[in-house]
Amino acid sequence: MQHVGQRVRLGGWVHRRRDLGGIVFVDLRDRAGIVQVAVGPAAPEDVRRTAGGLTGETVVEVEGEVVARPGNMKNPELATGDVEVHPSKLTVVGLAVTPAIPVARAKGEELPSEELRLKHRHLDLRRPEMQANLVLRHRLLQRARRTLTELEFLEIETPILTKPTPEGARDYLVPSRVHPGEFYALPQSPQIYKQLLMVAGLDRYFQIARCFRDEDLRNDRQPEFTQIDLEASFVGPEDVLGFVEAVLVALWDEAGQQVAGPFPRITWREAMERYGTDKPDLRYELAITDWTTQVGPLGVPFFDAALKNGARVRGLAVKGGGGTLSRKDVDQLAETAKQLGGSGLAWVKRQGEQISGSVGKYFTADTLGALGIGDGDAALIAAGPDRVTSPVLDRVRQEVIRRLGAQPTATHAFAWVVDFPLFEPDPETGKPVFAHHPFTAPHPDDLPLGRKSPFEMRALHYDVVYNGNELGSGSIRITDRQVQYWVFHQLGLSDDEIAKRFGFLIDGLNSGAPPHGGFAIGFDRVVMLLAGAASLRDVIAFPKTTAARALFEGAPAPAHPADLRALHIKVEP
């Protein structure tokens, strides 16, 4: 109301036009919101004529006076709902054809398909929800920069055209025109460069880094993504965790949500044992239990086959599940278990003296009581090696929480997952492969295990998770040249291969490397969670589809033959 009586000049898009005969109302929209322009009989004739012919999404400029709306015409849903503009001048500056997808939608109206919206992204981005997401993204970026700057980190850019390095996914390769047959790689992360910055003496680095990974996509993955990347010298895990907590607390504060550190910690082994995943949703108390000892003597064929092979029997005690989980529910959960590679899902329900379920005949009230299954509860049980039952029970746990509408014990459940394994066995060969990347330092207490039990070695690696989402990963890095060589050798690399692929890192370590460690926060995912969006594509201006295609601009696309010849490339059918 403070602008009433002022003359203004506005520009924007026609959100809606309503012609009531004697007066035309135009909702004018820009990034800041919507204001009503009222063109009545007192308006100049050319203004009335122009207003009568306006089409949706046409761009106009308006000059006029801000007037208070009559009491019965105020709109409390608009920030400008107490006023309107009476124009003395109305000019069309960007005529629009009928938009391919609607920008202005009625309440409850469904959005067009995502594919159609991505194809017409310039229109989709006009929606207030999308613009609010990108405004939030901007604010979060600036808050991260400010927080890290206050912690005395320096923002330093690292190369985009770089050398292929093992980061766990395929590289995007870029052919060199001036060096035939040679290729750059787009960085999967700035990992080696930020380590070399520590070697160079720039002891606190950060970057809002663009990264690229040629991998299969999901709602929470994109082939190009943004991470808040940081590295610091003369630090241990406690220092890095403190830096990351400061950034995350600041980001949640910027989004209007109050959280506090320090975050609780859980070891990788405990997370896998209790939740079947290294990114557990700790808002819910439902946890996996090892029932091998209790069920071993019962003679259940479903269990015995697994027990003979040295596997375990683990399950979930679902409180109240005896009455709330239907037969259809448990059948669907069993099918989910099979789709994930399990042999199925056994189940038992206890209701009073009645015991039912796929293996119910083998149980008594006493044996169920030993499992923590009381009256009205249910047990969902998987048998087999942990590498199979952990992902099965993780998914089943999530589904049970969803189907039962379980109430969380907290709104924000941050946690650090620590003590990850340094190596994991290759699924095909059984040989060691790095669990994260080969520059992660082994836990000093586990170095004696290196020769005989490499899979038992822990890494100085840490992840931060939030409500079942991994927000980022980091580690203390290897600074001892001999340890770095040992890790490379464990991965099957020869000295010649090490020199060829990582010589510049080894040279750096030979030049005097301080102890250092760092972290990378998945920024797109943080924005998605804080915006309450369903997909990363809702918080990225021009995202790719799950097929890694950019529908708006039509990428990727065939290259011109002349361009291929210049790059010394021939495309085979």
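Each remark here, short or long, concerns the structure printed above.
Residues numbered from 1 in each chain as written. Predicted model: local features only at pLDDT ≥ 70, side-chain atom pairs only at ≥ 80, totals over all residues. Heavy atoms only, no water.

Trainee: Quick rundown of the overall build of the chain? Include the residues and the values.
Mentor: Counting its regular elements, the chain contains 17 helices and 22 strands. In terms of principal-axis extent, the alpha carbons of the chain reach across some 90 × 75 × 55 Å. Taken across its 573 residues, the chain has 45% of its residues classed as buried. Put simply, 67% of the contacts in the chain that link residues at least 6 apart link residues at least 24 apart. Per element, the accessible surface of the chain, about 28,400 Å² overall, is 52% carbon and sulfur. Taking the average location of the 67 positive side-chain charges in the chain and that of its 74 negative ones, the two points are 4 Å from each other. (Helix = DSSP H or I, 4+ residues; strand = E, 2+ residues; numbered from the N terminus. Buried < 20%, exposed > 50% of the residue type's maximum accessible area, 1.4 Å probe, protein only. Contact = heavy atoms within 4.5 Å. Areas by Shrake-Rupley, 256 points an atom, 1.4 Å probe, with all protein chains shown as cover. Lys, Arg positive; Asp, Glu negative; His and termini not counted. Charge placed at Lys NZ, Arg CZ, Asp CG, Glu CD.)

Trainee: Can you lay out the nonpolar core for me, pointing to particular residues and giving the numbers?
Mentor: L248, L251, W252, F414, W416 and F519 are the most contacted members of the largest nonpolar core, which has 49 residues in total. In terms of residues, this core owes the most to one element, helix α6 (residues 237-254), which gives eight residues. Discounting chain neighbours no more than four positions away, the residues touching L251 are L140, R143, A144, I228, V526 and L530. Y284, L325, A378 and L393 belong to the second-largest nonpolar core, a separate cluster that totals 20 residues. (Core = buried A, V, L, I, M, F, W, Y, C linked by side-chain atoms within 4.5 Å.)

Trainee: How would you summarise the packing of aromatic side chains if you had to cite specific residues and measurements?
Mentor: The relative placement of two aromatic rings is captured by the distance of their centres and the angle of their planes. In the structure shown here, the tally under the stated rule is 14 aromatic pairs. Judged by centre distance (4.6 Å) and plane angle (40°), the ring pair of F414 and Y466 falls under tilted. Here Y466 lies in strand β20 (residues 461-466) and F414 lies in strand β17 (residues 414-418), a separation of 52 residues in the sequence. Note on accessibility: F414 and Y466 belong to one class, buried. Taken together, the aromatic side chains of W252, F263, F414 and Y466 make up a single cluster linked through ring pairs. (Phe/Tyr/Trp six-rings, centres within 6.5 Å; stacked < 30°, edge-to-face > 60°.)

Trainee: Summarise the packing of helix α5 (residues 191-199) against helix α15 (residues 495-510); cite the residues concerned and give the values.
Mentor: Helices that pack against each other are described as a pair by the angle of their axes relative to one another and the distance between those axes. Where α5 contacts α15, the two axes come as close as 9 Å, and the packing angle between them is 20°. Relative to α15, α5 is oriented roughly parallel. In this structure, α5 meets α15 at a crossing whose hand is left-handed. Taking contact as the criterion, the partners of I192, Q195, L196 and V199 in α5 are, on α15, F502, F504, L505 and G508. Tallied by class, the residues present in the contact of α5 with α15 amount to six nonpolar, two polar and no charged. (Axes fitted to C-alpha atoms, helices over the stretch in contact; angles between N-to-C directions. Parallel < 35°, antiparallel > 145°, perpendicular 65-115°, else oblique. Left-handed = near helix turned anticlockwise from the far one by under 90°. Nonpolar A, V, L, I, M, F, W, Y, C, P; charged D, E, K, R; others polar.)

Trainee: Quick rundown of the pairing of β20? Include the residues and the values.
Mentor: β20 sits mainly inside the fold: six of its six residues count as buried. Of the two faces of β20, both are covered, the one formed by H461, D463 and V465 as well as the one formed by Y462, V464 and Y466. Of the pairings in the sheet, the one linking β17 to β20 comprises five bridges and is antiparallel in character. Across the sheet, the residue bridging to V418 is Y462, located in β20. (Pairing = 2+ DSSP bridges.)

Trainee: Could you give me a rundown of the packing of helix α11 (residues 327-339) against helix α13 (residues 386-404), with the residues and numbers involved?
Mentor: Orientation of α11 relative to α13, taken along the N-to-C sense of each, is 150°, at an axis distance of 9 Å. Viewed along their axes, α11 and α13 adopt a mutual orientation that is roughly antiparallel. In the crossing of α11 with α13, the sense of the turn from one axis to the other is right-handed. When α11 is examined against α13, the residues D329, Q332, L333, T336 and A337 are found in contact with a partner set consisting of V392, R395, V396, E399, V400 and R403. Here the contact of α11 with α13 is built from residues that sort into five nonpolar, two polar and four charged.

Trainee: Tell me about the side chain of T440, and name the residues and values.
Mentor: You can see T440 is positioned in the loop between β19 (432-434) and β20. A polar atom in the side chain of T440 sits 3.3 Å from the backbone oxygen of H437. Engagement of the side chain of T440 in a polar contact is seen with the side chain of S475, the distance being 3.4 Å. For T440, the contacting residues outside a window of four places in its chain are L422, A459, L460, H461, S475, I476 and I478. (Polar contact = N/O pair within 3.5 Å; in protein donor to acceptor, adjacent residues only side chain to side chain.)

Trainee: Run through the sheet that holds β20, naming residues and quoting values.
Mentor: The strand order across the open sheet formed by eight strands is β6-β9-β10-β22-β21-β20-β17-β11, and the pairing between neighbours is mixed. A strand with exactly one partner marks an edge of an open sheet, and here the two such strands are β6 (154-155) and β11 (265-267). Relative to β17, β11 is paired through three bridges, and the arrangement is parallel. Bridge assignment links I266 to a residue of β17, and that residue is V417. Lying over the sheet, helix α4 (residues 128-150) contacts β6, β9 (204-212) and β10 (224-233), oriented at roughly 150° with respect to β9. Each of β9, β10, β11, β17, β20, β21 (469-476) and β22 (516-522) is contacted by α6, which is oriented at about 25° to β22, the strand it contacts most.

Trainee: Residue-level account of the sheet that holds strand β13 (residues 312-318), with values.
Mentor: Pairing is antiparallel in the open sheet, where five strands are placed in the order β12-β13-β16-β14-β15. Edge positions in the sheet fall to β12 (288-290) and β15 (354-356), since each has one partner strand and no second. On average, each strand axis in the sheet is tilted by 25° relative to the strand beside it, whichever way the strands run. Judged from the three bridges that link them, strand β14 (residues 346-351) and β15 form a sheet pairing that is antiparallel. Paired with Q351 across the two strands is Q354, which belongs to β15. Strands in contact with helix α7 (residues 268-275) are β12 and β13; relative to β12, the strand with the most contacts, it is inclined by about 95°.

Trainee: Give a description of the pairing of β14 that names residues and reports values.
Mentor: In terms of residue burial, β14 counts as a mostly covered element, since five of its six residues are buried. Taken together, the four bridges between β14 and strand β16 (residues 378-384) define a ladder with antiparallel strand orientation. When the sheet's bridge partners are listed, V348 is paired in β16 with A379. Following β14, the chain reverses through two residues before pairing antiparallel with β15; G352 in that reversal takes a positive phi of roughly 65°.

Trainee: Tell me what's going on with α13, and back it up with residues and numbers.
Mentor: In a regular helix each residue adds 1.5 Å, so 19 residues correspond to 27 Å; α13 covers 26 Å between its end C-alpha atoms and thus fits that length. For α13, the complete set of buried residues consists of V388, T389, S390, V392, L393, D394, V396, R397, E399, V400 and I401. Residues of α13 that are buried in the fold lie against α7, β12, β13, α11 and β16. G405 lies just past α13 and shows a positive phi near 60°. (Expected span 1.5 Å × (residues − 1).)

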